[in-house]
Amino acid sequence: MRLQEKTKLIQRHVGAYVDGVYGTRTADAILAKLGDNGGPSLFDREEFLSRYINRNAPAISNEDITLAAKRLGVPAGHIHALRKVESNGVSFDNSGRPIILPEPHIFYRETGGRFGITPFSYPKWGTRSYPKSYDARWQMLADMAELDEAAALRSASIGLFQVMGFNYAAAGYSSVQKMWEGMTADEDDHLEAMVSFILAEGLDDELRACRAGDPASCVPFVSRYNGPGYKKNNYHVKFAKALQ
C-alpha cells in the first residue's frame, strides 16, 4: 500500500480531512483521538453492538395503536398501514436488536464528508444497495460509529416506524443516544416516537388525507415522512395499498 493510501486510512480513523497529506490537521486529529492517559481511545465494537440488544422488549397492543390514532386524528388502520410499510410489522430481529437501516449519504452529510468516500459514507443516495441482512446493517452502523458514534446514530432509521436518528428531538428525545436507548427498551417507544415526530413536523393533516387505493393522496405525507426518494421506492403506492 502506498504511503498516501496509508495516510488516508489514518485520517479516516481519527476523523481528519482525508487528502492523503500528513500535516498539522492530521496530527491534531491524532492527538485528539488519544485518551487522557496518552493511550489510544479505542472504539469497543462488541460493547457498542451489545448495547442495543433486548430479547424481552414489551410489544405494543391494539389498544396502544388505537390511542395513538386518536392523538393523530386518524383511523387505527392508518397506523397499522404505516407499520406494515415501514417494517412489515417487525420491531426487533432474531438477535433482539431493533430493526435499523443505516443511510451512508446521511452519515456523509452528518460528518461533513470528512471521512471521504467509503462503503458506508458517500454523498449521493442510491450509490450502493442497502445491506440485505440485519447483521450486515448493524455491522455497517458499527463501521460508522467507529469513526463518529453520535453521527452514526443520527444516520440510521430505527424501529417499527423507521424514524431517522437525526429526528430525535422531533421524536421527543433530549439526545440521539436517549432515542436509541428508548427504542431498544420497548415497542411503546417506537410508537411514541412516530406520533411525536408526525405532530412535531405537522404531518397529521397529510396523514389524515391519505386514502386507500389512492397513491396520489398519500404523496404529501410520504414525500416528507420518507423523503425525496419516495418515488423510487413507491412509498405512496405501498401506503395506499396497505390502507385497503
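Data block above holds the structure.
The rules behind the values
- Residues numbered from 1 in each chain as written.
- Predicted model: local features only at pLDDT ≥ 70, side-chain atom pairs only at ≥ 80, totals over all residues.
- Heavy atoms only, no water.
- Salt bridge = Lys/Arg side-chain N within 4 Å of Asp/Glu carboxyl O.
- Helix = DSSP H or I, 4+ residues; strand = E, 2+ residues; numbered from the N terminus.
- Buried < 20%, exposed > 50% of the residue type's maximum accessible area, 1.4 Å probe, protein only.
- Pairing = 2+ DSSP bridges.
- Phe/Tyr/Trp six-rings, centres within 6.5 Å; stacked < 30°, edge-to-face > 60°.
- Lys NZ or Arg CZ within 6 Å of the ring centre and 35° of its normal.

So, about the pattern of salt bridges. Overall, the coordinates contain 15 salt bridges when judged by the stated rule. The partner of Glu 181 in a salt bridge is Lys 178, with the nearest N and O atoms 4.0 Å apart. Residue Glu 181 and its partner Lys 178 are located together in helix 9 (residues 176-185), separated by 3 residues, close to a single helical turn. A residue is classified by how much of its surface remains accessible, and Lys 178, at 45% relative accessible area, is partly exposed. Asp 205 is the partner of Arg 208 in a salt bridge, and the nearest nitrogen-oxygen pair spans 2.1 Å. You can see Arg 208 and its partner Asp 205 sitting in helix 11 (residues 204-208), 3 residues apart, about one turn around the helix. Residue Arg 208 is classed as partly exposed on the basis of its relative accessible area, which comes to 35%. Three or more residues joined by partner-sharing salt bridges are found here, namely Arg 45, Asp 143 and Glu 146.

Read across the sheet, 3 strands follow the order 1-2-3 without closing on themselves; strand pairing throughout is antiparallel. Each edge of the sheet is formed by a strand with only one pairing partner; in this case those strands are strand 1 (100-102) and strand 3 (163-164). In this structure, strand 2 (residues 156-158) lies alongside strand 3, joined through 2 bridges in antiparallel fashion. From the neighbouring strand, Ile 158 faces strand 3, where its bridge partner is Val 163.

In this structure the tally under the stated criterion is 10 aromatic pairs. On the basis of an interplanar angle of 75 degrees and a centroid distance of 5.6 Å, the ring pair of Phe 48 and Tyr 52 is categorised as edge-to-face. Across this residue pair, the class does not change: Phe 48 and Tyr 52 are buried. Members of the aromatic cluster, connected to one another through ring pairs, are Phe 43, Phe 48, Tyr 52, Trp 138 and Trp 180. Here the basic side chain of Arg 109 rests over the ring of Phe 166, its NZ or CZ set 4.7 Å away from the ring centre. The side chain of Lys 238 reaches across the aromatic face of Tyr 235, ending 5.5 Å from its centre.

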